[in-house]
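# Per-entry structural report
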Amino acid sequence: MESHLILERIAALIHQSVRDDAARHGLQSIHVQILGYLARANRYSDMPIAVAEYLGITRGTVSQSLKVLEDKGLIRRRPDPRHGRRVHLELTAAGRSILEHGWSGRLQAALAAQESAQHGLGDALRELLRGLQQANRQRPFGICHQCAHFLVEADGHRCGLTGEALHDEQTQKICREWTQPDSRAA
């Protein structure tokens, strides 16, 4: 089977899994996708605008979806103490429980079963993702500790872009400010 057909079929199976998870909890697919994103987003990325950018949806759709998730007790809003109107979103215990046995875990299990192919597969998928994001003019997003701005210091980690200290947990999460490291510097 051609690679593009395989990827298309994988995407369809993931989409079906997300729909099944959503239906099981009386939600729409986009709601489960938002919960999944927020579970992996760091403090620079857990805002409504970042949700819209990451999922490629309108601010209106995000706003309506966040209201549904908040009304169901799956997320809560928390004001940013440094920025007046900025709001951060976080999952509640109920929101996290929806994700515990969801599609993402099943995908991780399927990938773990292919351990021998994982390294090369990960690299190839990252390159494919990068190309698609560039073609669609989307922010790249990425894991904090893999960013060009990530700094290791004697007393911990720091974001070179914001100058702020980073807790270990934050360095493992998705960041909307992520920048591809310069491979020539390595």
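Along each chain, the written sequence defines residue order, and numbers are assigned to residues from 1. Where local features are concerned, this predicted model is filtered to residues with pLDDT of at least 70; where side-chain atom pairs are given and counted, the filter is 80 or more; whole-chain, interface and lining totals use all residues. In computing side-chain properties, one takes all heavy atoms of the structure into account and sets aside hydrogens as well as water.

### A look at the side chain of T171
- Think of it this way: any DSSP run of H or I at least four residues long counts as a helix, any run of E at least two long counts as a strand, and we number them from the N terminus. Structurally, T171 can be placed in helix α8 (residues 168-171).
- Two residues form a contact once any of their heavy atoms are found within 4.5 Å. Apart from residues no more than four positions distant in its own chain, T171 is found in contact with I143, C144, H145, F150, H157 and L166.

### So, the layout of surface pockets
- Points on a 1 Å grid over protein atoms alone make up a cavity when a 1.4 Å probe fits among them but cannot get out, and a pocket when they form an open set with protein on both sides within 12 Å along at least five of seven lines; lining residues each have an atom within 4 Å of a point. Grid points are joined across faces, edges and corners, and a volume is the space filled by probe spheres set on the points. Estimates place the volume of the second largest pocket at around 230 Å³.
- In this structure, the second largest pocket is lined by 14 residues; those nearest its centre are R43, D80, R82, R86 and H88.
- Residue classes in the lining of the second largest pocket are distributed as three nonpolar, three polar and eight charged. Polarity classes work like this: nonpolar for Ala, Val, Leu, Ile, Met, Phe, Trp, Tyr, Cys and Pro, charged for Asp, Glu, Lys and Arg, and polar for all others, with Gly in that last group.

### A few points about the packing of aromatic side chains
- By convention, a stacked pair of Phe, Tyr or Trp rings (six-membered ring in the case of Trp) has centres within 6.5 Å and planes under 30 degrees apart, an edge-to-face pair has planes over 60 apart, and any other such pair is tilted. Taken as a whole, this structure holds three aromatic pairs when the rule is applied.
- Taking the centre distance of 4.5 Å and the plane angle of 35° together, the rings of Y37 and Y54 count as tilted. Within this pair, whereas Y37 is found in helix α2 (residues 29-40), its partner Y54 is found in helix α3 (residues 48-55), the two being separated by 17 residues in sequence.
- In this scheme, a residue with accessible area under 20% of its type's maximum is buried, one over 50% is exposed, and one in between is partly exposed, where area comes from a 1.4 Å probe on protein chains only. The buried category is assigned to Y37, whose relative accessible area is 1%.

### Let's talk about empty space enclosed by the protein
- Under the criterion given, the structure shown has one cavity of 30 Å³ or more.
- Quantified by volume, the largest cavity comes out at close to 60 Å³.
- As for the largest cavity, its lining consists of N42, Y44, C144, C147, H149, F150, C159, L166 and C175.
- Across the lining of the largest cavity, the residue classes break down as seven nonpolar, two polar and no charged.

### Section: the pairing of strand β4 (residues 150-153)
- Between any two strands, pairing holds if DSSP finds at least two bridges. By the bridge criterion, four bridges tie β4 to strand β5 (residues 156-159) in an arrangement that is antiparallel. Across the sheet, the residue bridging to F150 is C159, located in β5.
- Adjacent in sequence and paired antiparallel, β4 and β5 are bridged by two residues.

### Concerning the sheet that holds β5
- What the three strands build is an open sheet, ordered β4-β5-β6; its pairing is antiparallel. Two strands in the sheet have a free side with no partner beyond their single neighbour: β4 and β6 (165-166).

### Notes on the side chain of R176
- Structurally, R176 can be placed in the segment after β7 (174-175).
- Residue class for R176 comes out buried when judged on its relative accessible area of 12%.
- Excluding its chain neighbours within four sequence positions, the residues that come into contact with R176 are Y44, S45, M47, I49, A50, E53, R139 and F141.

### A few points about the nonpolar core
- Side-chain atoms within 4.5 Å are what join buried Ala, Val, Leu, Ile, Met, Phe, Trp, Tyr and Cys residues into a set we call a nonpolar core. With 23 residues, the main nonpolar core has L27, L35, Y37, L38 and I75 as its most contacted residues.
- When contributions to this core are tallied by element, the ones reaching two or more residues are α1 (3-24), α2, α3, α4 (59-71) and β2 (87-91).
- For this core, the element with the most residues is α2, which contributes six residues.
- Residues within four places of L35 in sequence aside, it is in contact with L27, L69, L74, I75, L91, G95, I98 and L99.
- In terms of nonpolar packing, the next biggest core, distinct from the first, is built from eight residues, C144, F150, L166 and W178 among them.

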